[in-house]
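Secondary and tertiary structure notes
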Amino acid sequence: MRKNLLAVLAAAALLPSMASAQSAQEVRNGQREVERDRQEVQRHTRNGDTKRANAARQEMREDARENREDWRDYRNSHRSTFRMGNYRGPKNYRYRPVAVGYQFQPSYYRSNYWVANPARYRLPATGRNQRWVRYGNDVVLVNIRTGRVIRVYRSFFW
């Protein structure tokens with residue numbers, strides 16, 4: 001009886017870590033599915049099949065929405081991961097919301113502002129010369145050669 005009870009307690013302790021691993025896999029699968037849908041839309045559009053392109057576009061929207069919901073569930077269940085200390089910006093820093101295309105000064109995307117492990121936050125992979133940068137409570141994808149903002153996630157950190 002005691003061994004059974006210990007086995008049940010051990011399984012209960014492992015269950016949350018197994019659930020988060022499954023959630024990570026769901027997020028990756030969701031991202032792949034959205035990308036496949038995007039390619040399908042492009043293929044149908046190229047072939048001039050607007051009816052199939054519209055259906056594929058709708059499926060892509062639904063998959064993207066489901067993917068965002070999975071990520072939000074992960075974020076809400078791992079609140080401590082997204083709780084960061086106070087942000088200390090460069091000299092004369094004053095927060096202003098930024099949008100795609102905005103150009104940061106180099107002091108805003110130095111290596112001490114980079115998100116060290118983007119996979120920890122389930123952020124998409126970066127391309128060449130791109131870095132995820134913390135800017136206030138936002139996380140911003142920046143081209144570090146030009147300083148241009150590529151993507152913005154507002155209120156990313158708590």
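We now turn to the structure provided with this report. (Residues numbered from 1 in each chain as written. Predicted model: local features only at pLDDT ≥ 70, side-chain atom pairs only at ≥ 80, totals over all residues. Heavy atoms only, no water.)

**Some thoughts on the packing of aromatic side chains**
Considering all chains together, one arrives at 12 aromatic pairs under this definition. Summarising the aromatic geometry, the rings of Tyr102 and Phe104 are spaced 5.4 Å apart at their centres and angled 80° between planes, so their arrangement reads as edge-to-face. Overall, Tyr102 belongs to the partly exposed group, its relative accessible area being 39%. The buried category is assigned to Phe104, whose relative accessible area is 5%. Centre to centre, the rings of Tyr121 and Phe157 are 5.5 Å apart; their planes meet at 90°, and the pair counts as edge-to-face. Of the two residues, Tyr121 is situated in the loop between helix 2 (50–77) and strand 1 (130–135) and Phe157 in the segment after strand 3 (149–153); the sequence distance between them amounts to 36 residues. (Phe/Tyr/Trp six-rings, centres within 6.5 Å; stacked < 30°, edge-to-face > 60°. Buried < 20%, exposed > 50% of the residue type's maximum accessible area, 1.4 Å probe, protein only. Helix = DSSP H or I, 4+ residues; strand = E, 2+ residues; numbered from the N terminus.)

**Quick notes on unusual backbone geometry**
If you check the backbone angles, Asn129 has positive phi at about 60° while not being a glycine. With respect to the helices and strands, the residue Asn129 is situated in the loop between helix 2 and strand 1. When its relative accessible area of 26% is taken as the criterion, Asn129 is described as partly exposed. Within the chain, Ser155 stands out as a residue other than glycine whose phi angle is a positive 50°. Looking at the secondary structure, you find Ser155 in the segment after strand 3.

**Looking at the nonpolar core**
Ranked by size, the top nonpolar core spans 12 residues in total: Tyr87, Val98, Phe104, Tyr108, Tyr109, Tyr113, Val133, Tyr135, Val140, Val142, Val149 and Val152. Put simply, the parts of the chain that give this core at least two residues each are strand 1, strand 2 (138–143) and strand 3. Residues in contact with Tyr87, not counting those within four places in the same chain, are Tyr93, Tyr113, Arg134, Tyr135 and Gly136. In terms of nonpolar packing, the next biggest core, distinct from the first, is built from 9 residues, Trp71, Leu123, Phe156 and Phe157 among them. (Core = buried A, V, L, I, M, F, W, Y, C linked by side-chain atoms within 4.5 Å. Contact = heavy atoms within 4.5 Å.)

**Brief notes about a negative patch on the surface**
A cluster of acidic side chains, namely Glu26, Glu33, Glu59, Glu62, Glu66, Glu69 and Asp73, defines a negative patch on the protein surface. The dominant element in the negative patch, judged by the number of residues it contributes, is helix 2, at 5 residues. Relative to the assigned elements, Glu62 resides in helix 2. (Patch = residues over 30% accessible without salt bridge, like charges linked within 9 Å, V, L, I, M, F, W, Y side chains within 5 Å. Areas by Shrake-Rupley, 256 points an atom, 1.4 Å probe, with all protein chains shown as cover. Salt bridge = Lys/Arg side-chain N within 4 Å of Asp/Glu carboxyl O. Lys, Arg positive; Asp, Glu negative; His and termini not counted. Charge placed at Lys NZ, Arg CZ, Asp CG, Glu CD.)

**A look at the side chain of His44**
Residue position: His44 is located in helix 1 (residues 2–46). Apart from the residues lying within four places of it in its own chain, the contact partners of His44 are Asp49, Arg52, Ala53 and Ala56.

**Comments concerning the sheet that holds strand 3**
Pairing is antiparallel in the open sheet, where 3 strands are placed in the order 1-2-3. Either end of the sheet is taken by a strand with one partner, and the two such strands are strand 1 and strand 3. For this sheet the average axis-to-axis angle between neighbouring strands, irrespective of direction, equals 20°. Here strand 1 runs beside strand 2; their pairing, made up of 6 bridges, is antiparallel. Residue pairing across strands places Trp132 opposite Leu141, the latter belonging to strand 2. (Pairing = 2+ DSSP bridges. Axes fitted to C-alpha atoms, helices over the stretch in contact; angles between N-to-C directions.)

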